[in-house]
Amino acid sequence: MGVEVYHEESKHHPHRFAPSPGRLDWRNQPEPFRFWEGAPTVELPLLPDPEHPYEALYLGAPEERVTLETLSKFLELALGISAWKEVPGSRWAVRMNPSSGNLHPTEAHLVIPGLAGLSGVYHYNPYLHALEKRAELPDELVQALKAFYGPETFLVVLTSVPWREAWKYGVRALRYCLLDAGHALGSLRFSAALKGWRVRYLSAPSDEELEALLGFDRVSWPVGQEEFVQMGLAVYPASQPEPPPDLPAEIVEAFRRLPFYGRPSVLSREVVLWEEIYRALKLIRKPRTRPERWLFRDDEPAFLAPSPLTAEQIIRRRRSGHLYDPNASVPPEVFLNALDKTLPRSRYAPFDAQVGVYSNLLLMLHRVEGFPKGLYAFVRLPETLELLKEKLSERFLWKRVTKELPLYLLAEGDARELARFVSCDQEIASDGAFLTVFLALFGPLVRAEPWRYRHLHWEAGLTGQVLYLEATAHLFNATGIGCFFDDALHEAVGLKDDTFQDLYHLTFGKAYEDPRLKTLPPYYHLNR
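So, a few notes on the structure that sits alongside this text. (Residues numbered from 1 in each chain as written. Predicted model: local features only at pLDDT ≥ 70, side-chain atom pairs only at ≥ 80, totals over all residues. Heavy atoms only, no water.)

**Thoughts on the overall build of the chain**
Stage number 1. When its secondary structure is counted, the chain shows 17 helices and 19 strands.
Stage number 2. For the chain, whose C-alpha radius of gyration is 22 Å, the value lies close to the compact-globule estimate of 24 Å for 528 residues.
Stage number 3. Dimensions of the chain, computed from the C-alpha atoms along their principal axes, are close to 65 × 55 × 50 Å.
Stage number 4. Counting over 528 residues, the chain shows a buried share of 63%.
Stage number 5. Intrachain contacts of the chain at a sequence separation of at least 6 include 83% that bridge at least 24 residues.
Stage number 6. Working note: accessible area of the chain is about 20,000 Å², and carbon and sulfur atoms make up 53% of it.
Stage number 7. If the 60 positive side-chain charges of the chain are averaged to one point and the 69 negative ones to another, these points end up 1 Å apart. (Helix = DSSP H or I, 4+ residues; strand = E, 2+ residues; numbered from the N terminus. Rg over C-alpha atoms; globule rule 2.2 N^0.38 Å. Buried < 20%, exposed > 50% of the residue type's maximum accessible area, 1.4 Å probe, protein only. Contact = heavy atoms within 4.5 Å. Areas by Shrake-Rupley, 256 points an atom, 1.4 Å probe, with all protein chains shown as cover. Lys, Arg positive; Asp, Glu negative; His and termini not counted. Charge placed at Lys NZ, Arg CZ, Asp CG, Glu CD.)

**Considerations on the side chain of Gln-465**
Stage number 1. Positionally, Gln-465 belongs in helix H16 (residues 452-473).
Stage number 2. When its relative accessible area of 2% is taken as the criterion, Gln-465 is described as buried.
Stage number 3. A distance of 2.9 Å separates a polar atom in the side chain of Gln-465 from a polar atom in the side chain of His-183.
Stage number 4. Those residues in contact with Gln-465 that sit more than four places away from it in its chain are Met-96, Pro-98, His-183, Gly-186, Ser-187, Phe-190 and Arg-318. (Polar contact = N/O pair within 3.5 Å; in protein donor to acceptor, adjacent residues only side chain to side chain.)

**With respect to the packing of aromatic side chains**
Stage number 1. This structure, assessed with the given rule, holds 31 aromatic pairs.
Stage number 2. A centroid spacing of 6.3 Å and a plane angle of 85° characterise the contact between Trp-84 and Tyr-127, whose relative ring orientation is edge-to-face. Of the two residues, Trp-84 sits in strand E3 (residues 81-87) while Tyr-127 sits in the loop between strand E6 (118-125) and strand E7 (130-136), which places them 43 residues apart along the sequence.
Stage number 3. With relative accessibility at 9%, the residue Trp-84 sits in the buried group.
Stage number 4. Each member of the aromatic cluster is reached from another via a ring pair, and the members are Phe-335, Phe-371, Tyr-376, Phe-434, Phe-476 and Phe-508. (Phe/Tyr/Trp six-rings, centres within 6.5 Å; stacked < 30°, edge-to-face > 60°.)

**As for the nonpolar core**
Stage number 1. Judged by nonpolar contacts, the single largest core of 84 residues is most densely connected at Leu-131 and Phe-154.
Stage number 2. Ranked by residue count, the leading element in this core is helix H6 (residues 173-193), at nine residues.
Stage number 3. Ala-305, Phe-476, Ala-478 and Tyr-504 belong to the second largest nonpolar core, which has 32 residues in total. (Core = buried A, V, L, I, M, F, W, Y, C linked by side-chain atoms within 4.5 Å.)

**Digging into the sheet that holds strand E18 (residues 500-509)**
Stage number 1. Taken in spatial order, the seven strands make up an open sheet running E14-E15-E13-E12-E16-E18-E17, and their pairing is antiparallel. Since the sheet does not close on itself, it has two edges, and those belong to strand E14 (399-400) and strand E17 (477-481), each with one partner.
Stage number 2. Bridge count between strand E12 (residues 359-365) and strand E13 (residues 374-378): five bridges; the pairing is antiparallel. Bridging across to E13, Leu-362 finds its partner in Ala-377. (Pairing = 2+ DSSP bridges.)

See below:
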């Protein structure tokens with residue numbers, strides 16, 4: 001039984017949703033912030049934002065040294081709190097990185113080898129905007145890390161707490177954890193660009209080796225509230241040679257000998273253990289593999305539409321819209337500009353992080369100026385064009401509509417009803433200006449390498465982060481949609497097998513502001 005069985009179990013259907021709690025136990029909602037109790041805390045300074053142009057998100061900014069101040073701003077703009085929202089009787093944090101249901105299963109841990117006055121293994125606590133120190137690195141290990149990765153490189157390991165999503169979404173929660181990790185990767189990569197840094201996925205290490213870096217083999221987790229390793233990343237200055245995407249055995253063994261301290265906080269009084277999630281987690285554990293390098297196009301991104309916002313403002317203002325104006329349209333230059341940014345490029349953010357590219361985009365255009373309404377395909381993987389033509393409906397036109405971009409009209413007509421229906425009958429899918437469906441290579445890939453199931457979702461989340469920021473940059477909104485009728489979409493486009501699968505939806509348009517919401521500054525609660 002492979003991970004594709006979990007994927008089938010977690011599908012929604014018009015007549016039956018995937019198994020879930022059925023009701024929300026608000027008294028037992030998981031805490032959105034984890035603390036490592038007993039771990040020493042390093043306060044990070046809260047500083048004014050620099051002002052970089054929008055283009056710096058992709059092209060990068062002048063390089064800065066790794067100091068406590070630059071590390072602080074990097075983490076704040078990647079994973080910190082962007083605001084608090086409040087209505088009478090309720091208050092919640094909004095973060096720079098989006099999350100399904102604002103439940104935030106993703107945690108970040110850092111290995112910092114003698115940089116910014118820090119040397120150790122740390123957990124980033126976004127509530128405190130602080131680092132919680134879990135281990136000290138001896139000088140010999142610091143030197144080994146610097147020799148292997150470069151003198152100014154530090155590591156980030158992203159982990160997930162599935163219970164945070166399962167509390168609300170049940171079996172389908174693992175998918176949302178994986179998508180959220182991809183969004184977090186995008187947040188890290190864009191924030192790094194504004195420091196003149198790059199991010200590289202460590203493609204070779206196994207999950208067991210990454211766990212050793214964090215001392216997870218010695219952690220006593222609250223039952224059902226474990227963190228599972230998602231990915232390891234190297235963050236390094238753009239002027240430095242790219243570090244190897246690996247983790248030497250002698251360094252892993254040195255981490256196994258370290259004393260770790262601190263214990264993870266309890267997130268809920270009670271948990272519900274979803275066996276389907278735990279079975280799938282075992283199936284998608286990553287073994288040690290050969291290092292990977294993806295070769296993408298080498299041209300510079302096209303900037304067809306300027307932004308009135310700075311890069312930092314774009315990151316801070318990103319929000320998921322909840323109610324969209326059904327009459328608002330998107331100019332063609334904004335639409336094409338956004339699509340261009342989803343094309344993987346070897347030298348530019350965010351796909352130079354090297355997690356791979358697996359998805360083509362199906363687009364249901366409702367109100368994009370200059371384009372007929374209808375169903376389109378944006379072929380990000382040119383080598384799959386003939387396979388798409390073979391697997392999708394034979395009635396599709398495959399009429400290329402732009403010379404510069406691989407955008408094809410498949411069928412002309414009003415797709416609003418279809419967009420709403422396949423997106424769990426949510427009006428945001430039809431009221432936005434267009435709906436994006438992430439159609440990923442699937443069956444043969446995950447049967448050969450089950451752990452790549454994670455990569456498919458990471459890349460969808462990463463691409464979704466691009467579209468979120470593109471919408472914000474041009475004064476529009478986007479909303480990721482994790483609830484959709486998988487097979488209803490497949491049937492609508494003529495898919496008859498699992499060569500491709502629908503992994504994610506995202507709507508793009510003009511959202512209404514909710515006048516009931518009061519916005520509070522992100523770190524007002526710290527009095528710093």
